[in-house]
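Listed below, chain by chain, are the residues.
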Amino acid sequence: MHLVLVRTVTGLEGLAAEEVVVAGHRVVEVSKRQLVVEYGAVDCSPPRLADDVFVVHGAVVDPGRTRDALVAAIRSLELPAGSGAFAVSASFVGARNFNRFDIEDLVGARLGGRYYSRRGGAVPPVERDEWRVVLDGKTLWVGLRPYAVPLHRRAWRTRTVRGSLHPPVAAAMARLAGITPDHTVLDPFCGAGTVLLEAHAVEPRATYVGIDRDPAAVDAARANAPGAGAAGSRGAGSRDAEAGGAGERGAGVGVGGVLWRVGDARRLDVTADRVITNPPWDVRLSIGDLGPYVRQWRRVLRPGGRLVAILNQTQAAQVTRGWHVLATYDLSVAGQHPRIVVAVPSRS
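About the thresholds
- Residues numbered from 1 in each chain as written.
- Predicted model: local features only at pLDDT ≥ 70, side-chain atom pairs only at ≥ 80, totals over all residues.
- Heavy atoms only, no water.
- Helix = DSSP H or I, 4+ residues; strand = E, 2+ residues; numbered from the N terminus.
- Rg over C-alpha atoms; globule rule 2.2 N^0.38 Å.
- Buried < 20%, exposed > 50% of the residue type's maximum accessible area, 1.4 Å probe, protein only.
- Contact = heavy atoms within 4.5 Å.
- Areas by Shrake-Rupley, 256 points an atom, 1.4 Å probe, with all protein chains shown as cover.
- Lys, Arg positive; Asp, Glu negative; His and termini not counted.
- Charge placed at Lys NZ, Arg CZ, Asp CG, Glu CD.
- Axes fitted to C-alpha atoms, helices over the stretch in contact; angles between N-to-C directions.
- Parallel < 35°, antiparallel > 145°, perpendicular 65-115°, else oblique.
- Left-handed = near helix turned anticlockwise from the far one by under 90°.
- Nonpolar A, V, L, I, M, F, W, Y, C, P; charged D, E, K, R; others polar.
- 1 Å grid on protein atoms, 1.4 Å probe; cavity = no way out; pocket = protein on both sides within 12 Å on 5 of 7 lines; lining within 4 Å.
- Points joined across faces, edges and corners; volume = space filled by probe spheres on them.
- Pairing = 2+ DSSP bridges.

Some words on the overall build of the chain
Then comes step 1: Along its length, the chain carries ten helices and 16 strands.
Then comes step 2: Taken over the C-alpha trace, the chain has a radius of gyration of 22 Å; the compact-globule value for 348 residues is 20 Å, and the two agree within 12%.
Then comes step 3: Along the first, second and third principal axes, the C-alpha atoms of the chain reach 70 × 45 × 40 Å.
Then comes step 4: Of all 348 residues assigned to the chain, the portion counted as buried reaches 51%.
Then comes step 5: Restricting to contacts in the chain with at least 6 residues of sequence separation, those with at least 24 account for 71%.
Then comes step 6: Only carbon and sulfur atoms are counted for the fraction: they give 52% of the accessible area of the chain, which is about 15,700 Å².
Then comes step 7: Charged side chains in the chain number 43 positive and 34 negative. The centres of these two groups are separated by 4 Å.

This is the structure:
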């Protein structure tokens, strides 16, 4: 068994724990932004809801507030010798008489080898190992990332647009949607495609339709989609013709299992089993009154359909009349505090 730290977005801890349990691992502990998990093997598929993972190489009781206690705790760790270039990143909770750079430099010195400090804004080399230190109030954990880059950096994500969603959050929304192979899944604010590409990774056999009013965003989504270089590729599914529609608004190009097209989210011509979407939060992009869009989502959902939307707090309050809210998840991401709303149309 291997003990692993799974780092998450604040608010996704419970959903991330469900994901790793379904994958056959045991969750030992859940705290803010972190799971401690027993893995049977570290070479299994990494959790999509995780920001990052680190294999634990050392753990001692959290030393508390003072720097002297921190020094003693780090000296007591049995850690492997550093090999090659490496850096250390650290975080802690509570008031301390030391900062993150003190922790990083002490652990870096303890590991030895070619350590690159981040103190003073220094940037470590790209080709390096990354160690992580977390003081969570109970334990001082030291782990090593088993991958070259953080998990949230998806290989498919070559382009972004303003308001692009953090991929692990999109993956969480896809899980909450409960997508099955016969579903048509619509994102009327597809942007660079993050939500639907994460959903496609969860269930590649469903039919996906991404719409955005900005042609540049739709181009970015097509570029991000797997197989973007394959001319004429298109998502399979018995409802492709219906999803595509006819006329100018129905025109689109299917890439990577998704039909991408420019369109107006206030006048949707697609019927869907799932609407999963990330409309502007009125921060980097403005949208105004969300009401017309919410009514469109309700109109286009088939019987038994479900909405999963990430919204600012004011917008989330508008998913009320005509909806039955099944669950909400308050997050902290990109300096904002949005809410994932899971809802189904009500009869009223």
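That was the structure; now back to the text.
Some words on helix α9 (residues 291-300)
Then comes step 1: Looking only at α9, the buried set comprises G291, Y293, V294, Q296, W297 and V300.
Then comes step 2: Those residues of α9 hidden inside the fold are in contact with β9 (184-187), β13 (272-277), β14 (301-311) and β15 (323-330).

Thoughts on the packing of helix α1 (residues 13-22) against helix α4 (residues 167-177)
Then comes step 1: Following both chains from N to C, one finds α1 and α4 inclined at 70°, their axes separated by 11 Å at the closest point. Comparing their axes, α4 and α1 come out roughly perpendicular. Between α1 and α4 lies a crossing whose hand is left-handed. Contacts between α1 and α4 involve L15, E18, E19 and V22 on the former and, on the latter, A172, R175 and L176.
Then comes step 2: Residues belonging to the contact of α1 with α4 are distributed by class as follows: four nonpolar, no polar and three charged.

A look at the layout of surface pockets
Gaps between atoms show up when a probe of the same size as a water molecule is rolled over them.
Then comes step 1: A volume near 810 Å³ is recorded for the largest pocket.
Then comes step 2: R162, G163, S164, P280 and L285 are the residues nearest the centre of the largest pocket, which is lined by 36 residues in total.
Then comes step 3: Among the secondary structure elements, those contributing two or more residues to the lining of the second largest pocket are β4 (52-61), β5 (85-92) and β7 (129-135).

Structural notes on the packing of helix α2 (residues 67-76) against helix α3 (residues 100-111)
Then comes step 1: Close contact between α2 and α3 brings their axes to 10 Å; oriented N to C, the two are set at 30°. Comparing the axis directions of α2 and α3 gives the class roughly parallel. In this structure, the crossing between α2 and α3 has a hand that is right-handed. Residue-level contacts link R67, L70, V71, I74 and R75 of α2 to D102, I103, L106, V107 and R110 of α3.

Things to note about the sheet that holds β4
Then comes step 1: With respect to topology, eight strands assemble into an open sheet ordered β2-β3-β1-β4-β8-β7-β5-β6, the strand pairing being mixed. Of all strands in the sheet, those with a lone pairing partner are β2 (26-31) and β6 (114-115), marking the two edges.
Then comes step 2: On top of the sheet, α1 reaches β2 and β3 (34-39); it is set at about 10° to β3, its chief contact.
Then comes step 3: Together, β5, β6, β7 and β8 (139-144) form the strand contacts of α3, whose direction differs from that of β5 by roughly 140°.

Nothing here speaks to function; it is all geometry.
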